[in-house]
Amino acid sequence: MRVGVVGLKRGLHLAAWCLRLGMDVVIACDRDAGPRSEARESLPGTVIVGDWRELLELRLDGVVLANDFDEHAPLAIAFLERGVHVLSEAAACKDGAEGRRLIEAVERSSATYSFAENYVFHPHVRLIRQAVDGGELGRITLVEADYLHGMSPEDVTALVGDPAHWRGRIAATAYCTHTVSPVLALTGAWPVEVSAFSVDESEPRAAVVLVVRLSNGALAVTKHGFLQGEPGSHWSWVSARGTKALAESVRGPAERSWSVRVQAEGWTRPDGVAREEERTPPALHVDGKAVERGAEGDVLLLEGFRATVEKGEPPLVPVRAAVAASLVGVAGATSLNEGSRPVRVPDVRG
Ligand SMILES: NC(=O)c1ccc[n+]([C@@H]2O[C@H](COP(=O)([O-])OP(=O)(O)OC[C@H]3O[C@@H](n4cnc5c(N)ncnc54)[C@H](O)[C@@H]3O)[C@@H](O)[C@H]2O)c1
C-alpha cells in the first residue's frame, strides 16, 4: 500500500508506524524546513516535499493528514476527488458547512475517509467497550471522558500561547474529539445538544467541560484542556455507567492507568453479592514485540486503515461520526460565547 503523509510532527510518528506495519511511505510533506530535514533522516527511502499538492499527482493508495487541526477538510476533499483514501487527524471540519462538504465529497468519491481517532482504540477504551458490547453494564446512561494535561503555566503558554499557531487560534472547546469520539463509539449514539462551561472563569481557555445530550437519551460529560492531575493513560480517562454496572479507567500510576475497574451492584447478581474487578488489557504485539501502550491506538488505527484500503472493510471511524464529534466542539464554542446555553449539534446521520 503506497501512502503519503502531510504534516511531519504527529505525521512523522504515524509515518514511522506505517513503515513498521509494512506500508510503503512514498512521499511526505511539510511546509517547514525543520520537520522536512528531520523526516529526511528518519524516512530515508521517502521523497520529502514542501507542497502537499505534489502528493495529488502520484496515484497514492492512501494519504495520512496530520497538518493543522483546523485545515484538514480542504485537503481531505482534494484527495477524495482524486480517488485517494484518506486517514485524517482531528478535527474533521471547522464548521457545519465544511462538514457537509466533506460528507458529500466522501459520498461522491471512489475512495474512503477514516478519522484518525486513536483515542477510540486506547487499551482502556477497548476494555470498556468489551464490557458495554457484552451487555455487562446494561443500558448506558452516563459517560464521562477526560482529555487533560497537567502542565506548568509556562509550558501551557509555550504550547497554546501563540495565536498564529493552530493550538492558539482554535476555540477552547474545539479539541473535544479525543473525548467525544470514544463516547460515540461506546454508546453508538449521536450528539444532539451541548452546553459548554469554562472550568475557571479567570482562565476561561485553560479547560472546559462539555455536557452533551446524546440521541439515545444518555448524557456525556467531557473535560479537556489543562488541569492538574492528568491521567497516565495518554491523557485519557473514561467512565461508563450503565443500568447494571460501571466500567471506568483506573486512576492509578503508569501501567495501571490503562486498566479498567468494573463494578456490578449486588442487586443485579444472582448471588446478591456486589462484584468489583480490575481488568488489565492484553498486550498488543507487532513483529513479536509488545507495542508501547500509548501507541496501541495508532497501530490499530493504521491497521484498520489498511484493511479499508486493501480489503474494502468499513472505516473504523467513518466520516459522519468524525464530523459529528467535531461539530460538538463548534456548537460548544457557541454555547461558551453565549452564557453556556444549550446549543443544538447539527444532525449529520444522513
Ligand atoms: N491523535 C493524537 O494522538 C494526536 C497527537 C498529536 C497531534 N494530533 C493531531 O495531529 C495534527 C497535527 O498536530 P501536531 O501536534 O503535529 O501539530 P504541529 O503544529 O506541531 O505540527 C503540524 C505540522 O504540519 C505542518 N503543516 C501544517 N499545514 C501544512 C500544509 N498545508 N502543508 C504542509 N505541512 C503543513 C506544519 O508545518 C507542522 O510541521 C493536529 O490535527 C492534531 O490534533 C493528534
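Rules of the game
- Residues numbered from 1 in each chain as written.
- Predicted model: local features only at pLDDT ≥ 70, side-chain atom pairs only at ≥ 80, totals over all residues.
- Near = placed C-beta within 6 Å.
- Nonpolar A, V, L, I, M, F, W, Y, C, P; charged D, E, K, R; others polar.
- Pairing = 2+ DSSP bridges.
- Helix = DSSP H or I, 4+ residues; strand = E, 2+ residues; numbered from the N terminus.
- Contact = placed C-beta atoms within 7 Å.
- Axes fitted to C-alpha atoms, helices over the stretch in contact; angles between N-to-C directions.
- Buried ≥ 20, exposed ≤ 12 C-beta atoms within 10 Å, placed from the backbone.
- Right-handed = clockwise from strand over helix to strand, strands pointing away.
- Domains from an automatic or database assignment.

Visitor: It is not clear to me how the site of the ligand should be interpreted in this structure. Could you clarify?
Guide: Taken together, 20 residues form the shell around the ligand, and within it Gly7, Lys9, Arg10, Asn67 and Glu89 come nearest. Among the residues forming the shell around the ligand, the class breakdown is 9 nonpolar, 3 polar and 8 charged.

Visitor: Got a minute to help me understand the sheet that holds strand E13 (residues 260-264) in this structure?
Guide: Pairing between sheet strands relies on hydrogen bonds along the backbone, with the strands arranged either parallel or antiparallel. An order of E14-E13-E12-E11-E7-E10-E9-E8-E17 is seen for the 9 strands of this open sheet, with the pairing classed as mixed. Both edges of this open sheet fall to strand E14 (275-279) and strand E17 (343-344), since each of them pairs with a single strand only. Sheet topology note: the strand E9 (residues 207-214)/strand E10 (residues 219-226) ladder contains 7 bridges and is antiparallel. Each residue of the ladder has a partner; that of Val212, found in E10, is Ala220. Here helix H5 (residues 123-133) sits on the sheet and contacts strand E7 (140-149), strand E11 (236-242), strand E12 (245-249), E13 and E14; the angle it forms with E11, its principal contact strand, is near 10 degrees. Those strands touched by helix H10 (residues 319-337) are strand E8 (191-198), E9 and E17, and its axis lies near 45 degrees from that of E8.

Visitor: Looking at this model, I keep getting lost on the pairing of strand E5 (residues 85-88). Mind explaining?
Guide: The two faces of E5 match: His85 and Leu87 on one face and Val86 and Ser88 on the other face are all buried. Note that strand E4 (residues 62-65) and E5 share 4 bridges and pair parallel. Residue Val63 lies in a different strand from E5, and its bridge partner there is Val86. Read from E4 through helix H3 (residues 72-81) to E5, the crossover connection turns out right-handed. Handedness of the E5-helix H4 (residues 96-108)-strand E6 (residues 113-115) crossover: right-handed.

Visitor: What exactly am I supposed to notice about the sheet that holds E4 here?
Guide: One open sheet accounts for 6 strands, arranged E3-E2-E1-E4-E5-E6; its pairing is parallel. Every interior strand has two partners, whereas the edge strands, strand E3 (47-49) and E6, have only one. The average undirected angle you get between the axes of adjacent strands in this sheet is 20 degrees. Strand direction decides the pairing type here: strand E1 (residues 2-6) and strand E2 (residues 24-29), joined by 5 bridges, are parallel. Counterpart to Val5 in the pairing with E2 is Ala28. The strands touched by H3 within the sheet are E1, E4, E5 and E6, with E5 carrying the most contacts at an inclination of about 165 degrees.

Visitor: What is the right way to read the domain arrangement of the protein chain from this model?
Guide: Frequently, the measure chosen for interface size is the accessible area that the parts lose on association. With domains assigned, the protein chain is organised as domain 1 (2-118 + 298-318) and domain 2 (120-283 + 326-344). Between the C-alpha centres of domain 1 and domain 2 the distance comes to 26 Å. Of all elements in the fold, only H4 and helix H9 (296-311) reach the threshold of two or more residues within the side of domain 1 that touches domain 2. Taken together, the residues of the side of domain 1 that touches domain 2 break down into 8 nonpolar, 3 polar and 4 charged.

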